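Remarks on the overall topology
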Amino acid sequence: MDHAPYDIGPDIDALRAALKAHEITLPSLGVDPLTLAGWTTRPPLVALGNCNTETARRLAEVLREAAGG
């Protein structure tokens, strides 16, 4: 992707779109605020957040299918 090394917004948007294509929504998906505090030189982390069991099962199903199983 063509963006600043610590601008993970486009990566989060891409993940959100890929999940949406499989009818999966992670409501808390975003940037981990602690890694934006500026005390580290590492890139910020993506916070996947919490989801209900139905969403977790659907995510596992999609990943299994993608892995060929």
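Scope of this entry: the structure provided in the associated data block. Since this is a predicted model, take the numbers as computed values, not measurements.

1. So, the side chain of Thr-55
- Within the secondary structure, Thr-55 sits in helix α2 (residues 53–66).
- On the accessibility criterion, Thr-55 (14% relative accessible area) is buried.
- Here Thr-55 is in contact with Ile-24, Thr-25 and Leu-26, once residues within four sequence places are set aside.

2. Looking at the environment of Thr-41
- Here Thr-41 lies in the loop between β1 (30–31) and β2 (46–47).
- Residue Thr-41 is classed as exposed on the basis of its relative accessible area of 66%.
- Sequence separation between Thr-41 and Tyr-6 is 35 residues; the distance between their C-alpha atoms is 9.6 Å.

3. Details of the pattern of salt bridges
- Enumeration according to the criterion identifies 2 salt bridges in this entry.
- Note that Arg-58 and Glu-61 form a salt bridge whose closest N and O atoms lie 2.8 Å from each other. Taken together, the positions of Arg-58 and Glu-61, both in helix α2 and 3 residues apart, correspond to about one turn of that helix.
- Under the relative-accessibility criterion, Arg-58 is labelled partly exposed at 27%.

Parameters and conventions
- Residues numbered from 1 in each chain as written.
- Predicted model: local features only at pLDDT ≥ 70, side-chain atom pairs only at ≥ 80, totals over all residues.
- Heavy atoms only, no water.
- Helix = DSSP H or I, 4+ residues; strand = E, 2+ residues; numbered from the N terminus.
- Buried < 20%, exposed > 50% of the residue type's maximum accessible area, 1.4 Å probe, protein only.
- Contact = heavy atoms within 4.5 Å.
- Salt bridge = Lys/Arg side-chain N within 4 Å of Asp/Glu carboxyl O.

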